Amino acid sequence: MATKIPQIAILGAGIFVKSQYLPRLSEISHLFLLKAIWSRTQESARAAVDIARKHFPDVECKWGDNGLDDIIKDGSITAVAVVLAGQTQVDISLRMLRAGKHVLQGTNELETALSSYKSISADAPNPLIWSVAENYRFEPGLVECKKLIADIGKMMSVQVLIEGSMNSSNPYFSSSWRQKFTGGFILDMGVHFIAGLRMLVGCEVVSVSAMTSHVDLTLPPPDNISSVLMDVQECSKWLSPPDHPRHVTLWRVVGLNGTLQVERGFQGQHGYVVSLYGAGGQSKSSFFPFSGVTEELKAFINDVSENTLKKGSQFVAEPRLSFVEGARDVAVLEAMLESGTRQGELVQVKRF
């Protein structure tokens, strides 16, 4: 049975919306109708709308409290993408869920958010979708690595190494909410790599021990973290050197029968190189361009469409977008940050 394509709104008009969401959404514009873009200020909303109208000529510009109320009351808008400062995401998302709209967003304030979501969803006539974006579970390179993980046999160790330059040349450096964010850029950026780790190893992290430091005083603390994660035998390290052009992203899984590695690379475009090294010395590598944002947006829009066709228990949302999975990602990193404040004391990861 056919159904009308869903109408969606974007809440937020910052760097990521303009540089990633709008271009990626334009690639799948046949799947939905972009009804509106909202921001706190008219200037910000209009700047994003001007970009969006190249692909979505009828998109409406909304701003401030009145604009947000318009979106809440608009029954034709069935879903929203919340791309706002971490400090405001949960409150806005819960308002949208209470209005009966499906939500795609990041994660913060986990326990309160989950409790509120369960209460709202229980009272809704149909299941309400609350999904977490940009979690790397849709990156083709990591998806391929997950398929190959059985080839290396029983896992012996897992390593994650992230070195990222964060200075005034980075467009995200000057975003005030990130500078004031508890955990700084380590939490804002690191949660993506934890999502990739959890997907690859297929098991939960129970406890962590970590050491943190604050070297670059232009960044919020901490800007360096080294951690051992128990029960996956994982060592991870995030570095944010102030003037370092090199960007290293690496997951490495060592097994009894070989080693599997995913590393950021460039082959005409940015992506991941997936390499499998066999115990006998043989190896093979493949390159997968970045397309995780596009794939997760497609999955969310498909969930929204399917939700209108399948009622009650018949509908099953894409598990990789689950808000609970996002909560588990954040919980691991929050435990690492807490351990760092305790000089490496072992900290249990919250369970969700």
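Just so you know, the residues in each chain are numbered from 1, in the order the chain's sequence is written. With the structure being a predicted model, the display of local features is reserved for residues of pLDDT at least 70 and the display and counting of side-chain atom pairs for 80 or more, all residues being used for whole-chain, interface and lining totals. The side-chain figures draw on all heavy atoms in the structure; neither hydrogens nor water molecules are used.

UniProt annotates the chain under Sequence similarities (unreviewed entry) with the comment "Belongs to the Gfo/Idh/MocA family." UniProt positions are given in the numbering used here, feature names are shortened, and annotations may be inferred rather than shown by experiment.

**So, the overall build of the chain**
Helix numbers and strand numbers start at the N terminus; a helix is a DSSP run of H or I with at least 4 residues, a strand a run of E with at least 2. Looking only at helices and strands, the chain has ten helices and 15 strands in total. For the C-alpha atoms alone, the extent of the chain along its principal axes is close to 60 × 50 × 45 Å. Looking at the chain as a whole, 51% of its 352 residues are labelled buried. Here, two residues are considered to be in contact whenever any of their heavy atoms come within 4.5 Å of each other. When contacts within the chain are restricted to residue pairs at least 6 apart in sequence, long-range pairs at least 24 apart make up 66% of them. In this description, accessible areas are obtained by the Shrake-Rupley approach with a 1.4 Å probe, and a residue is regarded as covered only by the protein chains that are shown. Surface summary for the chain: the accessible area is close to 16100 Å², and the carbon and sulfur share equals 52%. Asp and Glu count as negative and Lys and Arg as positive, but His and the ends of the chain are not part of the count. Lysine's charge is taken at NZ, arginine's at CZ, aspartate's at CG and glutamate's at CD. Side chains of the chain carry 34 positive and 36 negative charges; the gap between the two charge centres is 3 Å. Throughout this description, buried means an accessible area under 20% of the type-specific maximum (1.4 Å probe, protein chains only), exposed means over 50%, and partly exposed covers the range between.

**Description of the sheet that holds strand β5 (residues 102-105)**
Read across the open sheet, the six strands follow the order β3-β2-β1-β4-β5-β6; overall the sheet is parallel. The open sheet has two edge strands, β3 (60-63) and β6 (130-132), and neither has a second partner. Between one strand and the next, the sheet's axes are offset by a mean angle of 20 degrees, whatever the strand orientation. Axis lines are fitted through C-alpha atoms, for helices just across the contact stretch, and the angle between N-to-C directions can take any value from 0 to 180 degrees. Across the sheet, helix α1 (residues 15-27) touches β1 (7-11), β2 (33-39), β4 (77-82) and β5, and the angle it forms with β1 is around 170 degrees. Packing of helix α2 (residues 42-52) onto the sheet brings it into contact with β2 and β3, and relative to β3 it is tilted by some 160 degrees. Pairing between two strands is assigned when DSSP locates at least 2 bridges connecting them.

**Observations regarding the nonpolar core**
In this structure, L197, V208, W251, L260 and M336 are the most contacted members of the largest nonpolar core, which totals 40 residues. By residue number, the principal contributor to this core is helix α8 (residues 184-201), which donates nine residues. Definition of nonpolar core: a set of buried residues of the types Ala, Val, Leu, Ile, Met, Phe, Trp, Tyr and Cys, connected through side-chain atoms within 4.5 Å. Core analysis: the next-biggest nonpolar cluster, separate from the first, contains 34 residues, I8, L22, I37 and F315 among them.

**Quick look at α1**
One fewer than the residue count of a helix, multiplied by 1.5 Å, yields its expected span. Taking 1.5 Å of rise per residue, 13 residues should cover 18 Å, and α1 covers 18 Å from first to last C-alpha, within 8% of that figure. What is called the bend at a residue is the angle between a pair of axes, fitted to the seven residues leading up to and ending at it and to the seven starting from it. Y21 marks the point of greatest bend in α1, at about 35 degrees, and the proline P23 comes within the next four residues. Within α1, burial applies to F16, V17, Y21, L22, L25 and S26. Buried-residue contacts for α1 involve β1, β2, α2, β4, β5 and α9 (292-309).

**Here we look at the pairing of strand β12 (residues 258-266)**
As judged from the six bridges shared by strand β11 (residues 248-255) and β12, these two strands associate in the antiparallel manner. Counted as the bridge partner of R252 is Q261 from β12. Between β11 and β12, which pair antiparallel in sequence order, lie two residues. Note that β12 and strand β13 (residues 270-278) share nine bridges and pair antiparallel. Counted as the bridge partner of R264 is Y272 from β13. Between β12 and β13, which follow one another and run antiparallel, lie three residues, and G268 among them has a positive phi close to 85 degrees.

**Points about the environment of G292**
Tracing the backbone shows G292 in helix α9. Under the relative-accessibility criterion, G292 is labelled buried at 6%. In the structure, G292 is positioned 53 residues away from E345 in sequence and 35 Å away in space, judged by C-alpha atoms. Setting aside anything within four residues of it in sequence, one finds G292 in contact with F138, E139 and P140.

**Notes on the pattern of salt bridges**
A carboxyl oxygen of Asp or Glu within 4 Å of a side-chain nitrogen of Lys or Arg is what we treat as a salt bridge. Within the structure shown, the criterion is met by 14 salt bridges. In this structure, E27 and R24 form a salt bridge, with 3.0 Å as the shortest nitrogen-oxygen distance. Here the residue E27 and the residue R24 both occupy positions in helix α1, the gap between them amounting to three residues, near one helical turn. What makes R24 partly exposed here is its relative accessible area of 21%. In this structure, the salt-bridge partner of E204 is R198, at a minimum N-O distance of 2.8 Å. With relative accessibility at 28%, the residue E204 sits in the partly exposed group. In the salt-bridge network here, residues are joined through shared partners; they are R137, R198, E204, E325, R328 and D329.

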